[in-house]
Amino acid sequence: MVDYHAANNQYAAGGPPTYMEQENDWDRDLLLDPAWEKQQRKTFTAWCNSHLRKAGTQIENIEEDFRDGLKLMLLLEVISGERLPKPERGKMRVHKINNVNKALDFIASKGVKLVSIGAEEIVDGNAKMTLGMIWTIILRFAIQDISVEETSAKEGLLLWCQRKTAPYKNVNVQNFHISWKDGLAFNALIHRHRPELIDYDKLRKDDAVTNLNNAFEVAEKYLDIPKMLDAEDIVGTLRPDEKAIMTYVSCFYHAFSGAQKAETAANRICKVLAVNQENEHLMEDYEKLASDLLEWIRRTIPWLENRAPEKTMAEMQQKLEDFRDYRRVHKPPKVQEKCQLEINFNTLQTKLRLSNRPAFMPSEGRMVSDINGAWHTLEGAEKGYEEWLLNEIRRLERLDHLAEKFRQKAAIHESWTDGKEAMLTQKDYETASLSEVKALLRKHEAFESDLAAHQDRVEQIAAIAQELNELDYYDSPSVNARCQNICDQWDTLGALTQSRRESLERTEKQLESIDELYLEYAKRAAPFNNWMEGAMEDLQDMFIVHNIEEIQGLITAHEQFKSTLPDANKEREAIQAIQAEVQKIAQYNGIKLSGTNPYTTITPQSIDNKWEQAQQLVPQRDQALQEELSKQQSNDHLRRKFATQANIVGPWIQTKMEEIGRISIEMNGTLEDQLTNLREYEQSIIEYKPNIDQLEGDHQLIQEALIFDNKYTAYTMEHLRVGWEQLLTTIARTINEIENQILTRDAKGISQEQLHEYRASFNHFDKDHSGALMAEEFKACLISLGYDVENDKQKRSGQMVADDFRALLISTGYSLGDAEFARIMGIVDPNNSGAVTFQAFIDFMSRETTDTDTADQVIASFKILAGDKNFITAEELRRELPPDQAEYCIARMAPYSGPDGIPGALDYMSFSTALYGESDL
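(A) Local environment of the overall build of the chain. Of the regular secondary structure elements, the chain holds 34 helices and four strands. The buried share among the 921 residues of the chain stands at 45%.

This is the structure:
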């Protein structure tokens, strides 16, 4: 038999006592008391089974089932979490003794002094020794670790019970026997930790059996504490067994202390999940806002790219008005949404960095750069659409002018050709006298002269029709048909004219008498009449001009025309003199005239009438030209007015843009002072908006007046709008940058002096004042703050003067090689843009100097909730976490695939690392 009676002399000189010495009040003879032995049997058996069931087994008889040592060794493995030597499976007594000795050796190795307990007694089924051994195990593994204010295990457990039950009436725990006899102490412990399980106020001190049964049943059902005693055993004993009560109470202690750890772990997980849920909400908001803005751009661009021309000026004017509504009403809110989207994106990235989460990467096609690209395409389409609208209005204006000109010339020509075919086909010369034939021939010559004079008009009509076709005039078919009729008729007139001349020349040989005077009249009257018709046509001609120079050119041409009127009047008088001479000769020679000039249909009266009409048209033309001159002068005034204001606003915007650039670099004072100053500066810019509105009003007047150029200024309204929008966006971005710096400073504990030092170093290497550092500039900036570039191992050197810093770098091998620098660039420039913003620089520097929660901490918290298992179940998550966060975890945790898994097991380790970007969720 292995001797466990050998004294442990290591504390003989007054050292700390062993467990058995601490419990020197344990009188083994008490085990002979049948009542106490019964209580201990029930309690110790239930306690052992509460652990053995974890291994899938249990005991029925405490002294019989431990005799072969197998279940005893299994019990020690379960409660210690350690592996014991391999047991012997034989049925012989020696095998059983060896197994029990292995268990007793393990107990002794834990610092427990076993007195009078040997393997033979356990194998022989000695109830006294078996119960003593189990009590020793309970003391070591269930009660030893209980310590309250540095007391012993028993005193610590008693003190814990006293503190937990102190507020309850009729409860006064002074020991582990009679203080528990009425059952109120058990109920008070449960109510203190789980008040929803017991209605304590309904319990009565005089009903001990009911109280004890209530506590034992609730503990077994809700706290997973097996029923170790019967109420009747406790009530029916004068003094309940102390060890049985201590064993039972220690189970309550461990159940509630584990719940407190679980609560702490649950709180940590809730905090981490709350941060993740808030960030996911912000990401969803960004995705929706970006999607809505891109959808609006997608719907708007086809409208701006639509180049379907309208037929009339009124329809095109309506399109221009719709475009103005887009500019004034629809676009400005989208400009604000775009700016807000960039601000939200920057704020979200800052929060992710501060919570040690991976940077947010929007869905494909919804990056800020994608939105900027779509916006650039929109503005390009917008500019092209406006240019097309104005060109179309000019084209339609030109078409209307040409169409009216075509109708006037066609009407004049058709009026002139009316009846000419009938005249050319008549046979009047066959019965005419010689003088009449000669007269007909001369008349025909005059007609040919007139016909040749009308050739230019026909060519002009054809040229105008061709231009209308080239400009895609909507009524081109009718114009083409009318032009074709005129050309066909002109060809017919040419052929008939040639045929009549040939007929008259054949007859001419037979005719001798020619009235030279009539002929001269006809020859001179025809071109003069044609000149008057052309002059009248020019005086009634429509005109379109776009500036003062053009109208002044028309006025000059008109003055030149008026200067030719005296000579024309002399010609008219000369022609009238010929007719007067005819009358004089006829009267003198008694000739009876036929009443009309045989060579022409142009009468002196018609010449005088046309001359009178021309004289009346001249002042009308003067008035029309002067009215147009006034209009152009008014347009010029509008140009000058717009130019004067534009030449002020344009430089003002440029100056403000430069000032914002300087402010963002200098950044004097605290961040709060800078933020206040920037918001005041932003307000001063917003107050300048009435000047922009005034320019918009002037620009609208210019467009309504159809003014398409302005030589007095290089600024267009489009340039000023873009500049104004860029100014508002720049100041908003600068304010957002300061707000994010304040958020970073407060979250990371960075001092104002550190921020100033970071800003000074950043500005020093930002040579082009662009607000971002290229890769080499960023590396130089890191070196200035304590990094070298020779090796691949990074160290921190702190702050010091330049000479000391340089010496330290050389002596300590301070380094930041290409591989390390590439890693840092991956942090500060996740999009590989090649530039590092000041906010990304601040985030990197703050991450280098502060601590954040980690994936390992979250894994440790989940491990507590899982009862030290490598997996967790949905039931455990729902029990320990709030409902929404429990469901959040269940929906995202992958199934656990380890060898120790069970159905429904979830992998909390991969989930925790995914929260911090260390793996895929």
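There's plenty left to go through after this.
(B) Layout of the packing of helix α9 (residues 184–193) against helix α10 (residues 208–222). For the pair α9 and α10, interaxial distance at closest approach is 8 Å and the crossing angle is 35°. Regarding α9 and α10, the two cross each other, and that crossing is left-handed. Along its contact with α9, which presents Leu184, Phe186, Asn187 and Ile190, the element α10 presents Asn211, Leu212, Asn214, Ala215, Phe216, Val218 and Ala219. Each residue belonging to the contact of α9 with α10 can be placed in one class, and the counts come to eight nonpolar, three polar and no charged.

(C) Here's a closer look at the packing of aromatic side chains. This structure, assessed with the given rule, holds 31 aromatic pairs. Clustering of aromatic rings is evident, with ring pairs tying together Phe176, Trp180, Phe186, Phe216, Tyr248, Phe252 and Phe256. Residue placement shows Lys420 over the ring face of Trp416; its charged tip is 4.9 Å from the ring centre.

(D) Geometry of the environment of Ala866. Relative to the elements of secondary structure, Ala866 occurs in the loop between α31 (855–865) and α32 (874–880). The class of Ala866 is buried, set by a relative accessible area of 0%. Along the chain, Ala866 and Tyr908 lie 42 residues apart, while their C-alpha atoms are 9.3 Å from each other. If we ignore the near neighbours within four places in the chain, the residues touching Ala866 are Phe871, Ile872, Glu876 and Tyr908.

(E) Representation of the pattern of salt bridges in the model. Tallied over the full model, the rule gives 55 salt bridges. Here Glu718 makes a salt bridge to Arg721, at a shortest N to O gap of 3.5 Å. Of this pair, Glu718 and Arg721 both sit in helix α25 (residues 717–748), three residues apart, which is roughly one turn of that helix. Both residues of the pair, Glu718 and Arg721, belong to the buried class.

(F) Spatial organisation of helix α34 (residues 908–915). Within α34, six of the eight residues are buried, leaving the element largely enclosed by the surrounding structure. When α34 is considered as a whole, its buried residues turn out to be Tyr908, Phe911, Ser912, Thr913, Ala914 and Leu915. Backbone nitrogen of Met909 and a side-chain oxygen of the N-cap are separated by 3.1 Å at the start of α34; the cap is Asp907.

(G) A look at the packing of helix α13 (residues 313–354) against helix α14 (residues 368–417). One can describe the packing of α13 onto α14 by two numbers: an axis separation of 11 Å at closest approach and a directional angle of 170°. As summarised for this structure, α13 and α14 are arranged roughly antiparallel, according to the angle between their axes. The two elements α13 and α14 cross, and the hand of that crossing is left-handed. Looking at the contact of α13 with α14 residue by residue, the classes come out as 17 nonpolar, two polar and twelve charged.

(H) Spotlight on the confidence of the model for the chain. Averaged over every residue, the pLDDT of the chain is 80; the share at 70 or more is 86%. In this model residues 1–32 is a low-confidence stretch, pLDDT under 50, and it forms 53 contacts with partners more than four residues away in sequence or in other chains. Long-range and interchain partners of residues 510–514, a stretch whose pLDDT sits below 50, account for 14 contacts in this model, where long-range means more than four residues apart.

(I) Quick peek at the nonpolar core. Trp47, Ile137, Trp180, Phe186, Ile190 and Phe252 are the most contacted members of the largest nonpolar core, which totals 78 residues. No other element matches helix α7 (residues 127–143), which puts eleven residues into this core. Those residues in contact with Trp47 that lie beyond four places of it in its chain are Leu75, Ile79, Ile137, Ile138, Ala142, Met228, Thr247 and Cys251. Ranked by size, the runner-up nonpolar core spans 46 residues in total, among them Leu671, Ile707, Leu720 and Trp724.

(J) Highlighting the environment of Ala886. Mapped onto the secondary structure, Ala886 falls in helix α33 (residues 883–892). Residue classification places Ala886 among the buried residues on the basis of a relative accessible area of 1%. In this structure Ala886 touches Leu877, Arg878 and Leu881, once residues within four positions along its chain are discounted.

(K) Here's a closer look at unusual backbone geometry. The phi angle at Leu706 is positive, at roughly 60°, despite the residue not being glycine. Structurally, Leu706 can be placed in the loop between α24 (689–704) and α25. One non-glycine residue, Asp868, adopts positive backbone phi at about 70°. Tracing the backbone shows Asp868 in the loop between α31 and α32.

(L) Main features of the side chain of Arg357. Looking at where Arg357 falls in the secondary structure, it is placed in the loop between α13 and α14. A polar atom in the side chain of Arg357 sits 3.2 Å from the backbone oxygen of Val272. Within polar-contact distance, the side chain of Arg357 engages the backbone oxygen of Ser355 at 2.4 Å.

(M) The state of the cysteines, seen in detail. In this structure the tally under the stated criterion is zero disulfides. As a non-bridged cysteine, Cys483 has Cys487 as the owner of its nearest cysteine sulfur, 4.2 Å distant. For Cys483, a relative accessible area of 9% gives the class buried. A residue is classified by how much of its surface remains accessible, and Cys487, at 23% relative accessible area, is partly exposed.

(N) Highlighting helix α23 (residues 671–686). The end-to-end C-alpha distance of α23 is 22 Å, a good match for the 22 Å that 16 residues give at a rise of 1.5 Å each. Among all positions in α23, only Leu671, Gln674, Leu675, Leu678, Tyr681 and Ile685 are buried. The buried side chains of α23 occupy one side of the element, clustering within an arc of 125° when seen end-on.

(O) Here's a closer look at the environment of Leu289. Looking at where Leu289 falls in the secondary structure, it is placed in helix α12 (residues 242–305). When sequence neighbours within four positions are dropped, the list of residues in contact with Leu289 reads Glu337, Leu341 and Asn344.

(P) Looking closely at the side chain of Asn279. Looking at the element boundaries, Asn279 is found in helix α12. Owing to a relative accessible area of 4%, Asn279 belongs among the buried residues under this scheme.

What counts as what
Here the residue numbers are simple positions, counted from 1 along each chain's written sequence. The model is predicted, so local features are restricted to residues of pLDDT at least 70 and side-chain atom pairs to those at 80 or more, both for listing and for counting; the totals for chains, interfaces and linings are taken over all residues. With hydrogens and water excluded, all non-hydrogen atoms of the structure serve as input to the side-chain values. Helix and strand assignments come from DSSP, with helices taken as H or I runs of at least 4 residues and strands as E runs of at least 2, each series counted from the N terminus. Accessible area is worked out with a 1.4 Å probe on protein chains only. A residue is then buried under 20% of its type maximum, exposed over 50%, and partly exposed in between. Axis lines are fitted to C-alpha atoms, over the contacting stretch for helices. Their N-to-C directions set the angle, which ranges from 0 to 180 degrees. In a left-handed crossing the near helix is turned counterclockwise from the far helix by less than a right angle, and in a right-handed crossing that turn is clockwise. Contacts: residue pairs with any heavy atoms within 4.5 Å of one another. Charged residues are taken to be Asp, Glu, Lys and Arg, nonpolar residues to be Ala, Val, Leu, Ile, Met, Phe, Trp, Tyr, Cys and Pro, and polar residues to be all remaining types, Gly included. Pairing of aromatic rings covers Phe, Tyr and Trp, the last through its six-membered ring, and needs centres within 6.5 Å; plane angles under 30 degrees mean stacked, over 60 mean edge-to-face, and all others mean tilted. When the NZ atom of lysine or the CZ atom of arginine is within 6 Å of a ring's centre and also within 35 degrees of its normal, the charge is said to sit over that ring. We count a salt bridge whenever a side-chain nitrogen from Lys or Arg sits within 4 Å of a carboxyl oxygen from Asp or Glu. Residues adjacent in sequence count toward polar contacts only when both atoms are side-chain atoms; beyond that, a polar contact is any pair of N or O atoms within 3.5 Å, and within protein one must be able to donate a hydrogen and the other to accept it. The labels follow the angle: roughly parallel below 35 degrees, roughly antiparallel above 145, roughly perpendicular from 65 to 115, and oblique for the rest. The pLDDT score gives, residue by residue, the confidence of the prediction method on a 0 to 100 scale. Among the buried residues, those of types Ala, Val, Leu, Ile, Met, Phe, Trp, Tyr and Cys that are joined through side-chain atoms within 4.5 Å form a nonpolar core. Pairs of cysteine sulfur atoms within 2.5 Å are identified as disulfides in what follows. Expected helix span is given by 1.5 Å per residue-to-residue step, counting one fewer step than there are residues. By arc we mean the arc of the directions from the helix axis to the C-beta atoms, nothing more.

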